[in-house]
Amino acid sequence: MKRYFITGIGTEVGKTVASAIVTEALRADYWKPIQAGDLDFGDADKVKSWVSNNESKFHPNAFALKTPMSPHAAAEIDKVTIKSSKIETPKTSNDLVVEGAGGVLVPISETETILDLMKPSDKVILVSRHYLGSINHTLMSVQVLKSKGFNDIGILFNGNEHLTTESIIAKMSGCIILGRIDEMNEVNPETIKEQASLLRENLLNF
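Cut-off values and rules
Residues numbered from 1 in each chain as written. Predicted model: local features only at pLDDT ≥ 70, side-chain atom pairs only at ≥ 80, totals over all residues. Heavy atoms only, no water. Phe/Tyr/Trp six-rings, centres within 6.5 Å; stacked < 30°, edge-to-face > 60°. Helix = DSSP H or I, 4+ residues; strand = E, 2+ residues; numbered from the N terminus. Buried < 20%, exposed > 50% of the residue type's maximum accessible area, 1.4 Å probe, protein only. Lys NZ or Arg CZ within 6 Å of the ring centre and 35° of its normal. Pairing = 2+ DSSP bridges. Contact = heavy atoms within 4.5 Å. Axes fitted to C-alpha atoms, helices over the stretch in contact; angles between N-to-C directions. Salt bridge = Lys/Arg side-chain N within 4 Å of Asp/Glu carboxyl O. Core = buried A, V, L, I, M, F, W, Y, C linked by side-chain atoms within 4.5 Å.

Draft legend 1. Seen up close, the packing of aromatic side chains. For the structure shown, the criterion picks out one aromatic pair. Considering the side-chain rings of Tyr30 and Phe58, the 6.4 Å spacing of their centres and the 45° angle between planes classify their relative orientation as tilted. One end of the pair, Tyr30, is in strand 2 (residues 29-31); the other, Phe58, is in strand 4 (residues 58-59), and 28 residues separate them in sequence. Among the residues examined, Tyr30 registers a relative accessible area of 0% and is labelled buried. Over the ring of Phe206 we find Lys123; its NZ or CZ atom is 5.1 Å from the centre of that ring.

Printed below as a string of structure tokens:
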């Protein structure tokens, strides 16, 4: 079993859409350890509604928090304590896509961040979306990951192509570029499947 940990350079960069595409492309299982807010239709529900293959299984959150805030703050409101040691990877023989919350240094408690949910053997997929400052945020995220011993890092661009941004990120990060998720007018099983087919080979070789 391979674990693919999907994180982003910040919030609202498309981690959940990317997670659905990777899950569909690899026919992997999906798991979001910590969901904060939107419990009626959270990220796992969205991914499940978008993935159309019959092999993927969707595992329950380890922590489902009521408030749409940073996990550490949402947990405090819910009067629970999040510890990475309490979060066990679901048992499966299939590959597993793990979706983080926010970026790599988002706190899950006063002492731990999303980084503490990652395993040394994880294949880390960093979702990068172009905006003013995205080069800095992408390279900083890569630097943090590498400083913690994660070297199996692939960058997945999301949105319209920006060659100058993407080329300098590729050159300075030294990471594998997995490809791009095209801008989608609508996210549904058909568009997810289409994007998955375009990225499947690169993901299999990652």
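Draft legend 2. Region of the structure containing the sheet that holds strand 1 (residues 3-8). Across the sheet, which stays open at both edges, the seven strands sit in the order 4-2-6-1-7-8-9 with parallel pairing between neighbours. Strand pairing shows two members of the sheet lacking a second neighbour, strand 4 and strand 9 (176-181), which therefore form its edges. As judged from the three bridges shared by strand 2 and strand 6 (residues 96-103), these two strands associate in the parallel manner. By the bridge assignment for strand 6, Tyr30 is matched with Val97. Along the sheet face, helix 4 (residues 134-147) touches strand 1, strand 7 (123-129) and strand 8 (153-158) and points at about 165° away from the line of strand 7.

Draft legend 3. Structural context of the pattern of salt bridges. Summed over the entire model, instances satisfying the criterion amount to nine salt bridges. With a shortest N-O distance of 3.7 Å, Arg27 and Glu55 are connected by a salt bridge. With Arg27 in the loop between helix 1 (15-26) and strand 2 and Glu55 in the loop between helix 2 (43-50) and strand 4, this residue pair connects regions lying 28 residues apart in the sequence. Lys32 serves as the salt-bridge partner of Asp43, at 2.4 Å between the closest nitrogen and oxygen. Of the two residues, Asp43 sits in helix 2 while Lys32 sits in the loop between strand 2 and strand 3 (34-36), which places them eleven residues apart along the sequence. What you see here is one network of salt bridges that share partners, running through Lys32, Asp43, Lys46 and Glu99.

Draft legend 4. Representation of the nonpolar core in the model. In this structure, Met118 and Ile125 are the most contacted members of the largest nonpolar core, which totals 58 residues. The element that contributes the greatest number of residues to this core is helix 1, accounting for seven residues. Not counting residues up to four positions away in its chain, the partners in contact with Met118 are Arg3, Phe5, Thr7, Val104, Val124, Leu145 and Phe150.

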